[in-house]
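Each chain, letter by letter, is given below.
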Amino acid sequence: MPSLNAFDRKIDHDTPWRSNQDMGGISLNIDTKVGPGTLTSTTAWRFWNWDPSNDRDFTGLQVLAKSQNPTRQTQVTQEVRYAGQLSSKVSGVVGAFFIDQTSQTDGTEESGNAQWRFSQSTTSPLWKTPGLFEGYGIKTDANIRSSSAAVFGQIDWAITERFHVLPGLRYNFDKKDAHYSRKTYGGLQTTDPALLALKKSVYSDQAFDSDTDNTDFSGNITLTYKASDKINAYATFAKSYKPVGVNVAGLPSDAKGNPMLDLAVIKPEKVYHYEFGVKTSPFKNSILNLTFFNTDIKDFQTNVQVAELGVNRGYLANADKVRVRGAELDASFVFSSHLTVNAA
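Source: prediction; values computed, not measured. (Residues numbered from 1 in each chain as written. Predicted model: local features only at pLDDT ≥ 70, side-chain atom pairs only at ≥ 80, totals over all residues. Heavy atoms only, no water.)

A. Highlighting the pairing of strand β7 (residues 163–185). Inspection of the sheet shows strand β6 (residues 137–158) paired to β7 by 20 bridges, in the antiparallel sense. Paired with Asn-143 across the two strands is His-179, which belongs to β7. Between β6 and β7, which pair antiparallel in sequence order, lie four residues. Direction of pairing for β7 relative to strand β8 (residues 206–228): antiparallel, over a ladder of 20 bridges. Counted as the bridge partner of Ala-178 is Ser-210 from β8. (Pairing = 2+ DSSP bridges. Helix = DSSP H or I, 4+ residues; strand = E, 2+ residues; numbered from the N terminus.)

Written out as structure tokens, the structure reads:
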């Protein structure tokens, strides 16, 4: 190893590191005054090209000789919204949004001559067979198309000059289609069943297609009260979500070597958020804010790591629940144009 001290931040590698990125896009925005508000249309197209090269064993040994997933992504989005003062006491926004995204990945994962030392799971001497794993890898073809459409609205209703209510709703439709295929290549060419079994334990062919769609309501409501020119209080409840998902980076295999297709689709993530606090300006040129919050997430979408090299980047799965709760206190004071103190 290049160092025995992890904090030296030194690594050894035998595959060139590359993180080439190409990105760009174009958008057209149109604003038109209609009645008391503004009608806005935003149309956009963007792309991202990712061209990596990695040494994912992070050592100078030829364990993973190649590990790279070049990706090409494109997006098209369209939003139309109307915002304005709807009456003397109500302002708001209403609109619709659409996005269509495609992602194509052509990946390569290839073993080196030291792979057997890290994959060996039995005492069989066959693991040491010369050239068994060297140059043995997988070529991956992964494609996903994701489409989402939504209608939304939010208003600010001034019940009194000091008390406002801000409700909002959003209805979403999400659809995803995925294709995944990987094929093995290289390594020692043999017909020996025992050697073929060892190779298959490192990399195996896998292919599956999955598609899913889902709808969801999300929304929020906020109450604000301006107790004085120096004190504002608020309370918020929000129900939000992360859309249904699909895996396109390989799946773990069962005891028979078949992909576990029940893991191909990831359930939507549901989020329930409560928050209340006060924002104050106790003295001239000062701010003092206090917030309490609680966020509960059901079916949290997270990356799961498995020992199989064919899915060495892991795969997406659902954790039952996550909860985040706490309090935040922050303050600032401007002494002069040259000196400001902030604390949190």
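B. Structural detail: the environment of Gly-326. For Gly-326, the position within the fold is in strand β14 (residues 315–336). Judged by relative accessible area, Gly-326 falls into the partly exposed class, the value being 27%. For the pair Gly-326 and Thr-295, spaced 31 residues apart in sequence, the C-alpha separation works out to 9.2 Å. (Buried < 20%, exposed > 50% of the residue type's maximum accessible area, 1.4 Å probe, protein only.)

C. Up close: the nonpolar core. Membership of the largest hydrophobic core is limited to 11 residues, which are Leu-64, Trp-116, Trp-127, Leu-132, Phe-133, Tyr-136, Ile-138, Leu-195, Leu-198, Val-202 and Tyr-203. The leading source of residues in this core is helix α2 (residues 193–202), at three residues. The contact partners of Tyr-136, leaving out residues within four places of it in the chain, are Glu-109, Glu-110, Ser-111, Thr-184, Tyr-185, Gly-186, Gly-187, Lys-199, Lys-200 and Tyr-203. Core analysis: the next-biggest nonpolar cluster, separate from the first, contains five residues, Ala-142, Tyr-180, Phe-208 and Ala-264 among them. (Core = buried A, V, L, I, M, F, W, Y, C linked by side-chain atoms within 4.5 Å. Contact = heavy atoms within 4.5 Å.)

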